[in-house]
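Overview (structure and organization)
Listed below are the residues making up each chain.
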Amino acid sequence: MTSKKLSSQMKNHHENFRDTVNLIKNYAIFTLDLEGHITSWNKGAEFIEGWKEEEILGEYFDFLYPNNEIETGKPQWSLQTARDEGIHEEEGYLKKKNGDLFLADITISPMHDENNLHIGYIKVFKDITERKLVETRQLDANLLLKQEIERRKTIEADLTRSNEELETFASVASHDLQEPLRMVVSYLQLIERRYEEKFDQDGKEFLHFAVDGANRMKLLISDLVEYSRIDTLGKPLTQTDATQALQRATANLTVAIEEAHTQITYDQLPVLRSDPVQLTRLFQNLLVNAIKYRREEPLKIHIGVEEQEQAWIFHVEDNGRGIEEKYLQSIFVIFKQVGKRAERTGSGVGLAIAKKIVARHNGTIWVLSTVGKGSTFKFSIPKLVTKKEENNDQYE
Ligand code: ADP
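Quick look at the structure, then. As the structure is a computational prediction, the values presented were derived from the model and not from experiment.

Close to the ligand lie 19 residues, the nearest being Asn289, Tyr293, Gln337, Gly348 and Leu351. In this structure, Leu351 approaches the ligand through a main-chain N or O atom, which is 2.9 Å from an oxygen atom. Alone, the ligand offers 540 Å² of accessible surface; in the complex the protein occludes 97% of this. Put simply, the parts of the chain that give the shell around the ligand at least two residues each are α10 (276–292), α11 (350–360) and β12 (374–382). The element that contributes the greatest number of residues to the shell around the ligand is α10, accounting for three residues. Partitioned by chemical class, the residues of the shell around the ligand number eight nonpolar, eight polar and three charged.

Here is the structure:
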């Protein structure tokens, strides 16, 4: 091959290369002479920077940098490091024709001729403002997520602590309060037995109130203790036949059910993951209430279930006196009782216990009711095994 042919081929290659470089739009690619004057400027540079090639050819390239960077001599320094180290890479702000600044990913490398003589520089950069923004947002999102996880951990730790505190308080209360209370009750009973005849009608009534008050206090304390131990003394969740749990509950309430001439019906209930003792307790508390808050007419209670993809939704339906709409939420709060004071026989803990049992199963409990017609208590028990349960399983 003759040297003429070779040089025309190289010229072709060179022009092809120039054309290709010119077409690249996402990257600014341009060349500088040894002093830093612009000697070529591709379409990408024009697109990103805003200057056309004819406007800036021959200009000293520092006009691309923000003023303070020119003051620090950064443009010249970047050429020097490219020359000394073979390449210079940096991330920094550059200026557009309209004065806007943008963040650029910049590479400068020295250019040599065929005799390896250093003849200038090639500079390539890309606008990465958008990418950085996305990265920063991602970082922010990750940070927020981490903070949220931390916040939940703190809440969970606080909850565990307050549950433990409640249990400690309740067991101290039960021990320290029940002892003197037992004394009050037994001496009141003794007075009732031995001296009742000596009391006039008022005296008998006062004595009766005193015994009644002491008994209620005993009930309150034992219910509070039971409430406080739902989380700490609960059994691991195991496959439980809900029909059997319900039957145990009705067996425990035989006398009350018969006395109220209750007609109880129920659907086929599923086998599900739960604490069998607590599931029985849950049904029992709802049944006791249905019996307590019945109307004059024959009491009917139906227990049904609806299967959803993620959970079982149970319902306990009665034809009792119903609950006013304004109380539908608050009746689940501990010690909250509604209705006529004289008819408040319990301690106001039954539904709070029910709610805590359902929560321990990661479910929710709510009620629908019409005054004078009846109430339907509904609760969900998720089918999924949660992390917490898996951990519990390790101790089974
Ligand atoms: P308690 O029965 O000891 O008062 P609960 O926490 O079990 O406490 O119930 C709270 C209140 O909710 C009750 O005082 C009662 O007014 C109301 N309630 C609960 N269940 C029913 C029901 N099935 N029908 C009507 N009212 C109910």
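Now that the structure has been shown, we can carry on.
Here we take up the packing of α10 against α11. Taken N-terminus to C-terminus, the directions of α10 and α11 make an angle of 150°; their axes are 9 Å apart at the nearest point. α10 and α11 meet at a crossing whose hand is left-handed. Facing Gln278, Arg281, Leu282, Asn285, Leu286 and Asn289 of α10, the residues of α11 in contact are Gly350, Leu351, Ile353, Ala354, Ile357, Val358 and Arg360. By residue class, the composition of the contact of α10 with α11 is seven nonpolar, four polar and two charged.

Before going further, it helps to examine the environment of Pro270. The topology assignment puts Pro270 in the loop between β7 (263–266) and β8 (271–274). Counting along the chain gives 44 residues from Pro270 to Phe314, while the straight-line C-alpha distance between them is 10.0 Å. Here Pro270 is in contact with Thr240, Asp241, Ala242, Val305, Trp312 and Phe314, once residues within four sequence places are set aside.

The next subject is the pattern of salt bridges. The full count for this structure, using the stated rule, is 19 salt bridges. For the salt bridge of Lys132 with Glu135, the shortest nitrogen-to-oxygen distance reads 3.6 Å. Of this pair, Lys132 and Glu135 both sit in helix α6 (residues 129–195), separated by three residues, roughly a single helical turn. Take Lys132: its relative accessible area is 25%, and that puts it in the partly exposed class. Because the salt bridges share partners, they merge into one network encompassing Glu91, Arg131, Lys132 and Glu135.

Let us now look at the nonpolar core. Among the nonpolar cores identified, the biggest contains 41 residues, and Leu282, Phe283, Phe314 and Phe379 are the most heavily contacted of them. When residues of this core are traced back to their parent elements, those giving at least two are α8 (242–252), α10, β9 (300–307), β10 (311–318), α11, β11 (365–370) and β12. Ranked by residues supplied to this core, first place goes to α10 with seven residues. In this structure, Phe314 is in contact with Ala242, Leu269, Pro270, Leu272, Phe283, Gly304, Val305, Phe377, Lys378, Phe379 and Ile381, ignoring residues within four places of it in sequence. Residues Ile38, Tyr65, Ile106 and Ile108 belong to the second largest nonpolar core, which totals 22 residues.

Quick notes on the rules
Residues numbered from 1 in each chain as written. Predicted model: local features only at pLDDT ≥ 70, side-chain atom pairs only at ≥ 80, totals over all residues. Heavy atoms only, no water. Near = heavy atom within 4 Å. Polar contact = N/O pair within 3.5 Å; in protein donor to acceptor, adjacent residues only side chain to side chain. Areas by Shrake-Rupley, 256 points an atom, 1.4 Å probe, with all protein chains shown as cover. Helix = DSSP H or I, 4+ residues; strand = E, 2+ residues; numbered from the N terminus. Nonpolar A, V, L, I, M, F, W, Y, C, P; charged D, E, K, R; others polar. Axes fitted to C-alpha atoms, helices over the stretch in contact; angles between N-to-C directions. Left-handed = near helix turned anticlockwise from the far one by under 90°. Contact = heavy atoms within 4.5 Å. Salt bridge = Lys/Arg side-chain N within 4 Å of Asp/Glu carboxyl O. Buried < 20%, exposed > 50% of the residue type's maximum accessible area, 1.4 Å probe, protein only. Core = buried A, V, L, I, M, F, W, Y, C linked by side-chain atoms within 4.5 Å.

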